[in-house]
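# Coordinates in review
What follows is each chain in one-letter form.
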Amino acid sequence: MALTLEHINTAPVAEAAAQLDGLYEHSPWIAEAALAQRPFRSLPHLKHAMARIVHDAGCEAQLALIRAHPELAGKAMVSQALTAESTNEQNKAGLANCSPQEFEKIQAFNAAYTAKFGFPFILAVRGPRGTGLLRQEIIATFERRLANHPDFELAESLRNIHRIVELRLNDKFGVEPRLGHQVWDWQEELGAFSDPGYKEQGQLTVTYLTDAHRAAAGMIERTMLGSGFDEVNIDAVGNVVGRYKARPHPSPLPEGEGEREGEGVKTLMTGSHYDTVRNGGKYDGRLGIFTPIACVGELARTGTRLPFHFEVIAFAEEEGQRYKATFLGSGALIGQFNPAWMDQKDADGISMREAMQHAGLPATLEAIRALQRQPSDYLGFVEVHIEQGPVLNELDIPLGIVTSINGGVRYVCEVSGMASHAGTTPMNRRRDAAVAVAELALYVEQRAARDGDSVGTIGILNVPGGSINVVPGRCQFTLDLRAPNDAQRDALVSDVLAKLDAICERRGVAHTVEETMRAAAAPSAPDWQQRWESAVDSLGVPLYRMPSGAGHDAMKLHEVMPQAMLFVRGQNSGISHNPLESTTSDDIELAVQAFQHLLNQLATEH
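### Brief notes about the side chain of glutamate 317
Its place among the elements puts glutamate 317 in the loop between strand S4 (309-315) and helix H14 (328-333). Salt bridges are absent for the buried glutamate 317, whose nearest opposite-charge side chain, arginine 278, sits at 9.1 Å. There is a polar contact of 3.4 Å between the side chain of glutamate 317 and the backbone nitrogen of glutamate 319. Apart from residues lying up to four places away in sequence, glutamate 317 is in contact with Tyr208, Asp275, Tyr323, Ala325, Thr326, Phe327, Leu328, Gly329 and Asp553.

Quick look at the structure:
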């Protein structure tokens, strides 16, 4: 019989601790210490409490916990000395069925890993869906993590232990993240479509209006229809638009005014993009499409209608990969489609107009302009998105409340000094362009860190025609400066550019600066941020507020209506724009539940 949270909250400490035994390998002290924090509001609350016990226990206790775990496919498995929980997990991953070559490789990795780090390799082998990783995935992860820094690998081992515990908790309490699994499976299905040249290499790349992009749109369209949406269509720029209509108004219409179903009823808009960067991940954007689709599926399954229309949009383009037209999909809805984009050509010489025609879209400005929404018809815009960073992962918190989408400015710059002989030019006589930029790079790092939540990056640094024995006379570089609000961003920009002036003046070099992009910050609307906070709090999950360093479709909708975002923790230290981008079906389940709570709360308000 499955455990209940009520039993854990009310049973004597010794009994409750016995029921939680086996969660942390040979380490019952963690659950025992966490029980001092009863009552727990939810299983995620219990899991987080135990994770904080481990965090606060210190390095020696953490190392002891890691060392209490067996090696993967190691001596304990061969001698059948594993705990029942570890046996189940390694069997689910097929480690008991390794080929001789696989077993030999894992043993070699075990030896190398232990020699480097001083503790065994820990991996939640049941994986992000809980059904088990493939042996090839385990071996690839093992090999990749062998290159990590010891401090990072210690933290990564603990994160994997907490994931193992989460799955063991699910087993003990008979919990199945049904909707999380559904969304996870949809994203796997969508991830099968990839552009030629990438698909053959097992890489995910879906750029605007390619055949893979159109196939992805078709899959999303079918998923919406199968989930109970009333209307689904692909619009003039390739957005997939699903609409779940509000319940009929209870008041009869005046005689003679005919049927005006839904007239005067406002709409909540949500969604995200389904295009990807080249060799990207499966969750960037796409998580924000399938999470609300799952919500509509539950509404339709139970025959529930909301007092407002619910519009879910899979935006066709956000990344600007095939054409320089970033935020094309969401921008078209607010009247920001640049006609000049139609004549842009991709790397193969195909214009956007031709791509639209090939995709069966109208390819006319009139059809695109007709997509513009009337802000007065909308309650607002909300978006769920994978975090794309390490913060939630490091804090062991599954959901984050976005306070603002950072405003940013980008520059293309060049410093010009004097190229000279590297052997004959004394150090105090040099006009070294690259060293001037290196000095600036260190200042950008220090100045952005001073704010706490600003970021600054020199992403490209190039010495044209450089030579090993020549003092650099030119150095080209970029600047990307971001902050949660425009005033903070502008102060950062002012200080960095002033420092560039001062460095160049002192070093006797010249410089040029060209602004290439400026985006205003998009603070979350306070009432919508509060709705997300209420939703997360209802799950017993700790509230964590954070800015978004990346841009999102919500930035565009922010220009015409209130918006707020919810972040979902990523695995693999939150890496994104990378094939390792991932999250778990348990965290997705929490995101779906939070969205459902937001819809229910909004329904009571209206």
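Read on for the rest.
### Here's the deal with helix H5 (residues 59-67)
In an α-helix, one full turn covers 3.6 residues, which means residues spaced three or four apart are oriented alike. Taken together, the buried positions of H5 are occupied by Gln62, Leu63, Leu65 and Ile66. Projected down its long axis, H5 shows its buried positions confined to an angular sector of 160 degrees, all on one face. If you follow the buried residues of H5, they end up packed against helix H3 (29-34), helix H4 (43-56) and helix H10 (150-173).

### Overview of the packing of helix H8 (residues 100-117) against helix H9 (residues 135-145)
Running from N to C, H8 and H9 cross one another at 25 degrees; their axes reach a closest spacing of 10 Å. By the criterion of interaxial angle, the relationship of H8 to H9 is roughly parallel. Handedness of the crossing formed by H8 with H9: left-handed. Each of Glu102, Lys105, Ile106, Phe109, Asn110, Tyr113 and Phe117 in H8 lies in contact with H9, whose residues at this interface are Arg135, Ile139, Phe142, Glu143 and Arg145. Considering only residue class, the contact of H8 with H9 consists of 6 nonpolar, 1 polar and 5 charged.

### A word on empty space enclosed by the protein
Within the structure shown, the criterion is met by 2 cavities of 30 Å³ or more. In this structure, the largest cavity encloses a volume near 120 Å³. The element best represented in the lining of the largest cavity is helix H7 (residues 84-92), accounting for 3 residues. Considering only enclosed or pocket space, the second largest cavity measures out at about 30 Å³ in volume. Class assignment for the residues of the lining of the second largest cavity results in 5 nonpolar, 2 polar and 1 charged.

What counts as what
Numbering of residues starts from 1 in each chain and follows the order in which that chain's sequence is written. Only residues with pLDDT of at least 70 are given local features in this predicted model, and only at 80 or more are side-chain atom pairs given and counted; all residues enter the totals for whole chains, interfaces and linings. With hydrogens and water stripped out, all remaining heavy atoms of the structure feed into the side-chain values. Each helix is a run of H or I in the DSSP string that is no shorter than four residues. Each strand is a run of E no shorter than two, and both are numbered from the N terminus. Burial here depends on accessible area, computed with a 1.4 Å probe over protein chains only, as a share of the maximum for the residue type. Under 20% is buried, over 50% is exposed, and the range in between is partly exposed. Note that His is not counted, nor are the chain ends; the positive residues are Lys and Arg, and the negative ones are Asp and Glu. Salt bridges are counted wherever a side-chain nitrogen of Lys or Arg sits within 4 Å of a carboxyl oxygen of Asp or Glu. In protein, a polar contact requires one atom able to donate a hydrogen and another able to accept it; more generally it is a pair of N or O atoms within 3.5 Å, and residues adjacent in sequence count only if both atoms are side-chain atoms. Contact definition: two residues touch when any of their heavy atoms are within 4.5 Å. Note: the arc covers the axis-to-C-beta directions of the helix. An axis is simply a line fitted to the C-alpha atoms; with a helix, the fit covers only the stretch in contact. Between two such axes, the angle follows the N-to-C directions and lies from 0 to 180 degrees. Convention used here: angles under 35 degrees read as roughly parallel, angles over 145 as roughly antiparallel, angles from 65 to 115 as roughly perpendicular, and any remaining angle as oblique. Two helices crossing with the near one rotated counterclockwise from the far one by less than a right angle form a left-handed crossing, whereas a clockwise rotation gives a right-handed crossing. Ten residues, namely Ala, Val, Leu, Ile, Met, Phe, Trp, Tyr, Cys and Pro, are considered nonpolar, four, namely Asp, Glu, Lys and Arg, are considered charged, and the remaining ones, Gly among them, are considered polar. Using a 1 Å grid laid over the protein atoms alone, points where a 1.4 Å probe fits but cannot get out form a cavity; open sets with protein on both sides within 12 Å along at least 5 of 7 lines form a pocket; any residue with an atom within 4 Å of a point counts as lining. Grid points are joined across faces, edges and corners, and a volume is the space filled by probe spheres set on the points.

Scope: geometric values only; no functional claims are made or implied.
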